[in-house]
Amino acid sequence: MESGQQTSNAPTGDVDGLRAGLHTMWGAVAPGWEQNADFVDRRGGALTAAMLDAVSLKSGERVLELACGPGGLGMEAAELVAPDGEVVLSDIAPQMTAIAAERAQARGLTNVNTRELDLEVIDEPDETYDAVLSREGIMLVPEPARAAGEIHRVLRPGGRASVSVWGPRERNPWLTAMLEAIGAQLGGTFPPPGMPGPLSLGEDGKLRAALSDGGFADAEIREVEVPWRGADFEDWWQRTTALAGPVAKLLEAQPTEAVDAIRAHAREALSAYETKDGLEIPGVTLVGTARRA
């Protein structure tokens with residue numbers, strides 16, 4: 001690491017404990033992401049295509065994926081910048097980067113490397129990458145604008161960024177069914193106030209504001225439909241509880257009767273989306289694309 005070549009936006013404020021807890025949580029749920037990695041890639045196919053189209057990758061370019069999870073988006077990018085380009089798959093959880101590395105190796109991708117990097121403090125020199133990607137990561141950090149500033153910092157002049165977040169609550173019932181069921185059981189909102197959540201940047205221009213505050217001018221925001229499709233409610237329950245980090249850890253701590261009540265509440269909310277072919281629930285993401293001047 002060439003620490004002398006960077007001017008990182010170091011974290012400020014009393015959020016270190018929250019940040020550390022989130023890092024630990026995502027490492028703990030990595031097995032669920034590994035088991036569902038192919039499902040995540042299939043479901044996000046249209047989103048991956050939209051994000052890659054937005055940054056117009058070329059052979060020979062250097063690309064960073066942040067909060068990569070099992071690395072599906074970055075592996076598709078690696079195909080586009082081959083043979084001379086490089087993709088770095090990064091995540092704060094080493095358990096996630098291990099999964100991504102194994103999957104890249106299985107695909108025979110020789111231009112992929114992995115690193116443990118924090119979205120809010122990217123341990124890389126200034127102006128290092130031609131493009132930065134992050135699928136559903138920036139919404140889950142305590143300070144999204146700081147993360148955007150770090151993305152801006154590590155981009156070369158003219159470099160492109162594409163980040164996605166889940167859209168408005170009412171257009172993502174596949175997720176709100178779970179969050180509202182938990183809130184009803186616990187007698188509050190979930191995630192609780194002050195905790196980053198999957199819908200935290202989905203409304204009122206919050207994604208655009210985070211990118212602007214991070215130094216990006218004229219960010220473009222577009223919607224991409226990402227519906228949830230599966231066999232039945234049990235399929236939805238198993239995948240959602242495995243992939244939604246805060247949900248997985250909370251349910252582990254609940255007594256059986258509380259989990260049963262949450263399941264019943266969510267089942268009722270999703271009954272309207274049952275079809276003869278299975279369960280099909282609407283979902284919408286917002287893709288923010290910006291360029292470093």
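As a starting point, this report considers the structure included with it. Predicted model only: the values in this text are computed from it and were never measured. (Residues numbered from 1 in each chain as written. Predicted model: local features only at pLDDT ≥ 70, side-chain atom pairs only at ≥ 80, totals over all residues. Heavy atoms only, no water.)

Some thoughts on the overall build of the protein chain
If you tally the helices and strands in the protein chain, you get twelve helices and ten strands. Computed over C-alpha atoms, the radius of gyration of the protein chain comes to 19 Å, within 12% of the 19 Å expected from 2.2 N^0.38 for 293 residues, which places it in the range of a compact globule. Taken along the three principal axes of its C-alpha coordinates, the protein chain extends 55 × 40 × 35 Å. Expressed as a percentage of contacts within the protein chain between residues at least 6 apart in sequence, the contacts between residues at least 24 apart total 81%. When the accessible surface of the protein chain is summed, it comes to about 12800 Å², and 48% of that surface belongs to carbon and sulfur atoms. Side-chain charges of the protein chain comprise 26 positive and 45 negative groups, with the mean position of each set lying 3 Å from the other. (Helix = DSSP H or I, 4+ residues; strand = E, 2+ residues; numbered from the N terminus. Rg over C-alpha atoms; globule rule 2.2 N^0.38 Å. Contact = heavy atoms within 4.5 Å. Areas by Shrake-Rupley, 256 points an atom, 1.4 Å probe, with all protein chains shown as cover. Lys, Arg positive; Asp, Glu negative; His and termini not counted. Charge placed at Lys NZ, Arg CZ, Asp CG, Glu CD.)

Let's talk about the pattern of salt bridges
Summed over all chains, the structure comprises 21 salt bridges. A salt bridge links R107 to E79; its shortest N-O distance comes to 3.2 Å. Of the two residues, R107 sits in the loop between helix 6 (94-106) and strand 3 (112-116) while E79 sits in helix 5 (residues 72-81), which places them 28 residues apart along the sequence. Note on R107: relative accessible area 36%, which makes it partly exposed. The salt bridge involving R263 is made with E234; its shortest N-O contact spans 2.5 Å. Of this pair, R263 sits in helix 12 (residues 256-270) while E234 sits in helix 10 (residues 233-243), and the two are 29 residues apart along the sequence. On the basis of relative accessible area, E234 is assigned to the partly exposed category, the value being 29%. (Salt bridge = Lys/Arg side-chain N within 4 Å of Asp/Glu carboxyl O. Buried < 20%, exposed > 50% of the residue type's maximum accessible area, 1.4 Å probe, protein only.)

Observations concerning helix 4 (residues 45-55)
For helix 4, the complete set of buried residues consists of L47, T48, A50, M51, L52 and V55. For helix 4, the elements touching its buried residues are helix 5, strand 4 (129-135), strand 5 (155-166), strand 6 (220-225) and strand 10 (284-291). Trailing helix 4 by a residue or two, S56 shows a phi angle of about 45°, which is positive.

Details of helix 9 (residues 206-213)
Burial in helix 9 covers these residues: L207, A210 and L211. Along the axis of helix 9, the buried residues cluster in a sector spanning 95°; they form a single face. On its buried face, helix 9 sits against helix 7 (144-154), strand 5, strand 6 and strand 10. Backbone geometry just after helix 9 places G215 at a positive phi near 110°. (Arc of directions from axis to C-beta.)

Quick notes on the sheet that holds strand 8 (residues 274-275)
Strand order in the open sheet made by the three strands is 7-9-8, with antiparallel pairing throughout. Edge positions in the sheet fall to strand 7 (228-230) and strand 8, since each of these pairs with one other strand and no more. Direction of pairing for strand 7 relative to strand 9 (residues 278-281): antiparallel, over a ladder of three bridges. Note that in strand 9 the partner of W228 across the bridge is I281. Docked against the sheet, helix 10 engages strand 7 and strand 9, running at close to 120° with respect to strand 7. (Pairing = 2+ DSSP bridges. Axes fitted to C-alpha atoms, helices over the stretch in contact; angles between N-to-C directions.)

Focus on the pairing of strand 9
Remark: a regular strand shows side chains that alternate across the two faces of the sheet. Pairing geometry for strand 8 and strand 9, over two bridges, is antiparallel. Note on strand 9: the bridge partner recorded for T275 is G278. Between strand 8 and strand 9, which pair antiparallel one after the other, the connecting turn spans two residues.

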